[in-house]
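The primary structure of each chain is shown beneath.
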Amino acid sequence: MSVPSHSRRTPPSKKDRINDGHDTASAAHLRDLVWGHRYGHGFDLRAVRDVDVTFFDPADLSRDNDQRATVRLAALEPGLPWEAKNQAAVHTWYPQRFGGPPVPPFRSIAEAVATWPEYATAVAIHLDPDNHIAVCAPHGLDDLLDGVWRRNPARVSEQASQQRLARHQPAQRWPGLRVITGPPAGREGR
């Protein structure tokens, strides 16, 4: 899969990373990139709704920390809809924003990624200290690479998943994609 030239950049230096080099590109725009090339009409970074960047900073759980990280990203690459979120702070705001029961504090990025809404979006990447891409995919990459939209029951109810399905309309956006409305037996905790 090739990446459009406008999205190939020199890897950021350590000083340009938002959280000591442990920030990750994650979720929907990675799915959009892969599925756009495999099942759709390509990928245009300028057309994404938001570019999720996650980081883990248990020392500062404030929303200001997210905002500072978002501003820093915008300064590095203006014009993109950046959205930085400290995964160490999710438990402080998630139930109020999305409903549902309280969320326990996460101990790592990987623990947070494992709860994201669909298995295909429960993926994050970052550059390691040698500027190699490292992948965090607690449920594997099968659904992302095979074009499967499937609810991750770790945090998303069936009702919320149906609402997401109606809002995102994945089968219309990416012909050939398979939508599975429930995980097969034994999928949880994989």
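Scroll up to find the structure this text is about.
Residues numbered from 1 in each chain as written. Predicted model: local features only at pLDDT ≥ 70, side-chain atom pairs only at ≥ 80, totals over all residues. Heavy atoms only, no water.

A word on a nonpolar patch on the surface. Taken together, the side chains of Ile133, Val135, Leu141 and Leu145 make up a nonpolar region of the molecular surface, amounting to roughly 330 Å² of accessible area. Following the sequence through the fold, Val135 ends up in strand β5 (residues 133-136). (Patch = residues over 30% accessible without salt bridge, like charges linked within 9 Å, V, L, I, M, F, W, Y side chains within 5 Å. Areas by Shrake-Rupley, 256 points an atom, 1.4 Å probe, with all protein chains shown as cover. Salt bridge = Lys/Arg side-chain N within 4 Å of Asp/Glu carboxyl O. Helix = DSSP H or I, 4+ residues; strand = E, 2+ residues; numbered from the N terminus.)

Looking now at the environment of Ser26. When you line up the elements, Ser26 lands in strand β1 (residues 24-26). In contact with Ser26, other than residues within four places in its own chain, are Asp52, Val53, Thr54, Trp116, Val123 and Ala124. (Contact = heavy atoms within 4.5 Å.)

Here we come to the side chain of His29. Relative to the assigned elements, His29 resides in helix α1 (residues 28-39). With a relative accessible area of 8%, His29 lands in the buried category. A polar side-chain atom of His29 sits 3.3 Å from the main-chain amide nitrogen of Asp52. Setting aside residues no more than four positions away along its own chain, His29 makes contact with Phe43, Val48, Asp50, Val51 and Asp52. (Buried < 20%, exposed > 50% of the residue type's maximum accessible area, 1.4 Å probe, protein only. Polar contact = N/O pair within 3.5 Å; in protein donor to acceptor, adjacent residues only side chain to side chain.)

A few words now on the layout of surface pockets. Approximately 1,000 Å³ is the volume attributed to the second largest pocket. As for the second largest pocket, its lining consists of 37 residues, and the residues nearest its centre are Tyr94, Phe98, Pro117, Arg155 and Arg164. Tallying contributions element by element places helix α6 (residues 158-168) first for the lining of the second largest pocket, with six residues. Here the residues of the lining of the second largest pocket sort into 15 nonpolar, 11 polar and 11 charged. (1 Å grid on protein atoms, 1.4 Å probe; cavity = no way out; pocket = protein on both sides within 12 Å on 5 of 7 lines; lining within 4 Å. Points joined across faces, edges and corners; volume = space filled by probe spheres on them. Nonpolar A, V, L, I, M, F, W, Y, C, P; charged D, E, K, R; others polar.)

Moving on to empty space enclosed by the protein. One pass over the full model with this rule turns up one cavity of 30 Å³ or more. One number sums up the size of the largest cavity: a volume of about 40 Å³. Forming the walls of the largest cavity are Trp149, Arg151, Ser161, Gln162, Leu165, Val179, Ile180 and Thr181. Contributing elements (two or more residues each) for the lining of the largest cavity: α6 and β7 (178-180). In terms of residue count, α6 provides more of the lining of the largest cavity than any other element does, three residues in total. Here the lining of the largest cavity is built from residues that sort into four nonpolar, three polar and one charged.

Attention now moves to the sheet that holds strand β2 (residues 51-55). The five strands are arranged β3-β2-β1-β4-β5 in an open sheet whose pairing can be described as mixed. The open sheet is flanked by β3 (82-86) and β5, the only strands paired with a single partner. If you compare each strand with its neighbour and ignore which way they point, the axes differ by 30 degrees on average. Strand direction decides the pairing type here: β1 and strand β4 (residues 124-127), joined by two bridges, are antiparallel. If you follow Ser26 over to β4, its bridge partner there is Ala124. (Pairing = 2+ DSSP bridges. Axes fitted to C-alpha atoms, helices over the stretch in contact; angles between N-to-C directions.)

Right, let's talk about the pattern of salt bridges for a bit. Evaluated as defined, the whole model comprises eight salt bridges. Note that Asp32 is salt-bridged to Arg31, the shortest N-O span being 2.9 Å. Comparing Asp32 with Arg31 shows no difference in burial state: the two are buried. When the shortest N-O distance is used, the salt bridge between Arg63 and Asp66 registers 3.6 Å. Note that Arg63 and Asp66 are positioned in helix α2 (residues 63-76) at a spacing of three residues, about one turn of the helix. Here the salt bridges share partners, and the residues they tie into one network are Arg31, Asp32 and Arg173.

This part takes up the nonpolar core. Residues Val90, Phe106, Val113 and Trp116 are the most contacted members of the largest nonpolar core, which totals 16 residues. Breaking this core down by element, the ones donating at least two residues are α3 (90-98) and α4 (109-113). When neighbours within four sequence positions are excluded, Trp116 is seen to be in contact with Ser26, Ala27, Thr54, Gln87, Thr121, Ala122, Val123 and Asn152. Counting 12 residues, the second-largest nonpolar core is a separate cluster that includes Leu45, Phe55, Leu73 and Leu80. (Core = buried A, V, L, I, M, F, W, Y, C linked by side-chain atoms within 4.5 Å.)

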